[in-house]
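# Working through the structure, step by step
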Amino acid sequence: MLAQEIVQRVQLGQRSPREVVEDYLKRIEQLEPQIHAFIRLNPKALHEAQTVEERLARGESLPLAGVPVAVKDNICTQGLETTCGSKMLASFVPPYSATVIEKLRKAGAIVIAKANMDEFAMGSSTEYSAFGPTRNPWDLERVPGGTSGGSAAAVAADMVPVALGTDTGGSVRQPAALCGVYGFKPTYGRISRFGVVATASSLDQVGTLARSVADLALLSDVVSGYDPKDSTSLEAQPQFGQALEAPVKGMTVGIVKEALAVGNSPGVLAALERFRMVMEGQGVRFVEVGIPTLEHALAAYYIVNTAEISSNLARYDGTLYGLRVPAEDSVTTMMQSREHGFGPEVQRRVLMGTFVLSSGYYDAYYGKALRARAKLKADMDAAFAQADLLLTPTSPFPAFRFGEKTTDPLSMYLADIDTVAVNLTGAPALSIPAGFEGKLPVGLQLIGKPLHDEQLFSLAHAFEQATERAFARVASSA
């Protein structure tokens, strides 16, 4: 069931929030053993549903009344474990909730579960969780994408109608594409990061996932907006719902030629051509644009990403909180705590980041990456001078098999080749389900100008309305 249907039925008294949550808990019980989308369920979900019912009885207006939501496990929830998919935080219970959690509950949503993720949001497949991998509902032998793979798989399998993830280099959009759902990464600062466990602070953003553009807009309207607790928060009023009916005739979309140069699978290219043909029929104009620096975006991203990871994860040393391994002296305790608490991908990125920030290498690597980041921003601005929105694949290929890329980290990093530029420049982007390759979904990425996020929803909704919705649900037999 879609979120909008749930809200309508709850507000009309046709279903109670408790009944909705009970139905979803039954579906989770049926599918979770195969998919493993969650690290833990919220034991207070039914109590929270009852509270929502009481608020409705008092006449409160709740835009997400009774809607169950899955939340990625790096978003703090007061009284409920937040582990970041890591042994390091396996028993961490936050004393407060992230701003987005407070907004969800204020709107009448119920946090039903914490979703599985790559450890500390590092990966492209959700294979790097300390609690085991999540499986793609379309094919259980394939990955759902990462790092928000648990959130995307849960939405695709209708274990929840909507979910929150985080996007550092494509971690909402890429799993959305591989699972056949919508995934939105906003302009940097439009959704508060307060209470989100940091991976790379200049890149991280909370994102939203749903099976329809209307549901995505509904959720995004609720969680967006200025937050005084977040120093990077922007004062921009969310208007995603209103954007759904905005006309797209006369809009210009720039197809980024560098994103189509090599490496895209036949299904991805077919989906892009289909999107162009459908939207030309809606009066949208397409042009080819160039972003010369795009070929360097992945290299620049992984230098910036690992450098910020090295800094942010220095706090996990076994002294204040997190895993502590007893040893004869404090230095050994710190070393063993990090060795046992962090998985291989986290250790790899911490080491890489420490190296690029070290004396003698800072200018050669990190300084050069910052200059490439600035040039990429300038090139994207030039492309936006020719088009309202930009279009690329979200992922160059559909979901890959488990283990296919874990032995080759560089191959895994290439899975993010189409998405990292957006995080480096702070732009908004939206992945839309746009076709299939065999039985596997593929997605396309719409990129907007900063603070023009709503335009993405206008175009995505127009495409959704103009085509058959082949991605509404994954069969319960998944």
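In the block above lies the structure referred to throughout.
Okay, so let's go over this structure. Values in this document were obtained by computation on a predicted structure and should not be read as measured data.

## Observations concerning the pairing of strand β11 (residues 440–447)
Buried residues dominate β11, accounting for eight of its eight residues. Looking at chain direction, strand β9 (residues 389–393) and β11 are connected through four bridges and run antiparallel. Looking at β11, one finds that Leu 391 is bridged to Leu 446. By the bridge criterion, eight bridges tie strand β10 (residues 429–437) to β11 in an arrangement that is antiparallel. Residue pairing in the sheet places Ala 429 in a bridge with Ile 447 of β11. What sits between β10 and β11 in their antiparallel hairpin is a turn of two residues, with Gly 438 showing a positive phi close to 65 degrees.

## Points about the pairing of strand β4 (residues 162–167)
Burial of β4 is extensive: six of the six residues sit out of reach of the surface. Residues Val 162, Leu 164 and Thr 166 line one face of β4 and the alternating positions Ala 163, Gly 165 and Asp 167 line the opposite face, and both faces are buried.

## What about the sheet that holds β9?
On the basis of which strands lie adjacent, the open sheet formed by 11 strands has the order β1-β3-β2-β4-β6-β5-β10-β11-β9-β7-β8 and mixed pairing. In this open sheet, the two strands that pair with only one neighbour each are β1 (38–41) and β8 (285–289). For this sheet the average axis-to-axis angle between neighbouring strands, irrespective of direction, equals 30 degrees.

## Some points on the nonpolar core
Counting residues in each nonpolar core, the largest one holds 93 residues, and the members touching the most others are Phe 38, Leu 104, Phe 275, Met 279, Phe 457 and Leu 459. Looking at this core, the element that brings in the most residues is helix α7 (residues 213–223), giving eight residues. Of all hydrophobic cores here, the second largest spans 34 residues; its members include Ala 297, Ala 383, Val 422 and Ala 427.

## Brief notes about unusual backbone geometry
Each neighbour pair has its own omega, and for Gly 146 with Thr 147 the value is 10 degrees, a cis peptide bond. Position of Thr 147 among the secondary structure elements: in the loop between β3 (110–115) and α5 (149–156). Look at Thr 126: it is not a glycine, yet its phi comes out positive at around 60 degrees. By secondary structure assignment, the location of Thr 126 is in the loop between β3 and α5. The phi angle at Leu 451 is positive, at roughly 70 degrees, despite the residue not being glycine. Within the secondary structure, Leu 451 is located in the loop between β11 and α16 (453–466).

## Some details on α5
Burial within α5 is extensive, with eight of its eight residues counted as buried. Of all the residues in α5, the buried ones are Gly 149, Gly 150, Ser 151, Ala 152, Ala 153, Ala 154, Val 155 and Ala 156.

## Considerations on the packing of helix α10 (residues 297–312) against helix α12 (residues 344–356)
Interaxial distance between α10 and α12 falls to 7 Å at its minimum, and their mutual angle equals 100 degrees. Comparing their axes, α12 and α10 come out roughly perpendicular. Contact residues: Tyr 302, Ile 303, Asn 305, Thr 306, Ala 307, Ile 309 and Ser 310 in α10; Arg 349, Val 350, Met 352, Gly 353, Thr 354 and Val 356 in α12. Taken together, the residues of the contact of α10 with α12 break down into seven nonpolar, five polar and one charged.

## Details of the packing of aromatic side chains
A complete count under the given rule lists 17 aromatic pairs for this structure. Judged by centre distance (5.0 Å) and plane angle (50 degrees), the rings of Phe 120 and Tyr 316 are tilted. One end of the pair, Phe 120, is in the loop between β3 and α5; the other, Tyr 316, is in the loop between α10 and α11 (330–341), with 196 residues separating them in the sequence. Consider the rings of Tyr 361 and Tyr 365, whose centres lie 6.3 Å apart with planes at 35 degrees: the pair is tilted. Here the aromatic residues Phe 120, Tyr 316 and Phe 342 are joined through ring pairs into a cluster of three or more. Directly above the ring of Phe 402 sits Arg 135, whose terminal nitrogen or CZ lies 4.8 Å from the centroid.

Calculation rules
- Residues numbered from 1 in each chain as written.
- Predicted model: local features only at pLDDT ≥ 70, side-chain atom pairs only at ≥ 80, totals over all residues.
- Heavy atoms only, no water.
- Buried < 20%, exposed > 50% of the residue type's maximum accessible area, 1.4 Å probe, protein only.
- Helix = DSSP H or I, 4+ residues; strand = E, 2+ residues; numbered from the N terminus.
- Pairing = 2+ DSSP bridges.
- Axes fitted to C-alpha atoms, helices over the stretch in contact; angles between N-to-C directions.
- Core = buried A, V, L, I, M, F, W, Y, C linked by side-chain atoms within 4.5 Å.
- Parallel < 35°, antiparallel > 145°, perpendicular 65-115°, else oblique.
- Contact = heavy atoms within 4.5 Å.
- Nonpolar A, V, L, I, M, F, W, Y, C, P; charged D, E, K, R; others polar.
- Phe/Tyr/Trp six-rings, centres within 6.5 Å; stacked < 30°, edge-to-face > 60°.
- Lys NZ or Arg CZ within 6 Å of the ring centre and 35° of its normal.

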